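Summary of structural features
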Amino acid sequence: MRVRLDDEDRQVDFGRCLGRALRGQGRVYLEGELGAGKTTLTRGILRAYGHEGAVKSPTYTLVEPYVTGGKYLYHFDLYRLGDPEELEFIGGRDLFADDALCIVEWPSRGAGWLPEPDLRITLTLGEPGRIASLEAFSDLGRSVLVTLSQEMAFDDMIIEQEREQQ
Ligand SMILES: Nc1ncnc2c1ncn2[C@@H]1O[C@H](COP(=O)(O)OP(=O)(O)OP(=O)(O)O)[C@@H](O)[C@H]1O
Ligand SMILES: [Mg+2]
């Protein structure tokens, strides 16, 4: 599924819908170059759980935990991860095992250690704004895509949808 996010507000709104559809669980990996809008999308996801404050990429600390709306949300930024094994030392195993929502920027840096995602979202530059390409890897991921495709608010933003989801 591909979605046009013409400006930052739409990116945050889409994140909020995505957050709602996830219901506080799952692994969402955000791919895209520097400035692609990964943290902006994360801000929207966190808003779905009532977090109204700022969201900064935890570039140096690797992970920022949020406990909000009774859910555990972990926002990872692996840009500066030297070795995927570092995720073991910071207790990543427990965070991924929790009944939590894990959002990961720069998942490629953790390849080999990170478990498979439920959803992979690749952000690229649009004309204008950004394009989000969403791929599901589990039942949870597929159900989120179905929920999103049924959101009327996004009808005019969906560019492409897999045949079996229509
Ligand atoms: N859909 C959009 N349209 C236009 N601008 C956007 C959109 N989404 C985000 N931006 C802008 O892009 C810039 C970079 O966004 P953001 O920090 O979210 O990127 P990032 O992918 O997290 O970058 P990094 O890899 O450095 O962490 C911000 O100035 C933000 O306002
Ligand atoms: Mg970021």
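Predicted, not measured: the structure shown is a model, and the values here were computed from it. (Residues numbered from 1 in each chain as written. Chains lettered and ligands numbered in written order. Predicted model: local features only at pLDDT ≥ 70, side-chain atom pairs only at ≥ 80, totals over all residues. Heavy atoms only, no water.)

The subject of this paragraph is the site of ligand 1. Inspection of the region around ligand 1 gives 17 residues, with E8, Q11, K38, T39 and T40 positioned closest. Note that an oxygen atom of ligand 1 is positioned 3.2 Å from one of the backbone N or O atoms of A36. Here an oxygen atom of ligand 1 sits 3.0 Å away from a polar atom, N or O, in the side chain of R130. Alone, ligand 1 offers 650 Å² of accessible surface; in the complex the protein occludes 72% of this. For the shell around ligand 1, the elements supplying multiple residues, two or more each, are helix 1 (8–22) and helix 2 (38–47). It is helix 2 that provides the largest number of residues to the shell around ligand 1, a total of three residues. Residue composition of the shell around ligand 1, grouped by class: four nonpolar, seven polar and six charged. (Near = heavy atom within 4 Å. Polar contact = N/O pair within 3.5 Å; in protein donor to acceptor, adjacent residues only side chain to side chain. Areas by Shrake-Rupley, 256 points an atom, 1.4 Å probe, with all protein chains shown as cover. Helix = DSSP H or I, 4+ residues; strand = E, 2+ residues; numbered from the N terminus. Nonpolar A, V, L, I, M, F, W, Y, C, P; charged D, E, K, R; others polar.)

Bringing the side chain of T42 into the picture now. Mapping T42 onto the fold places it in helix 2. Other than its neighbours up to four places away in sequence, T42 contacts L30, V55, H75, I103 and E105. (Contact = heavy atoms within 4.5 Å.)

In short, the description is geometric, and any link to function would need to be established separately.
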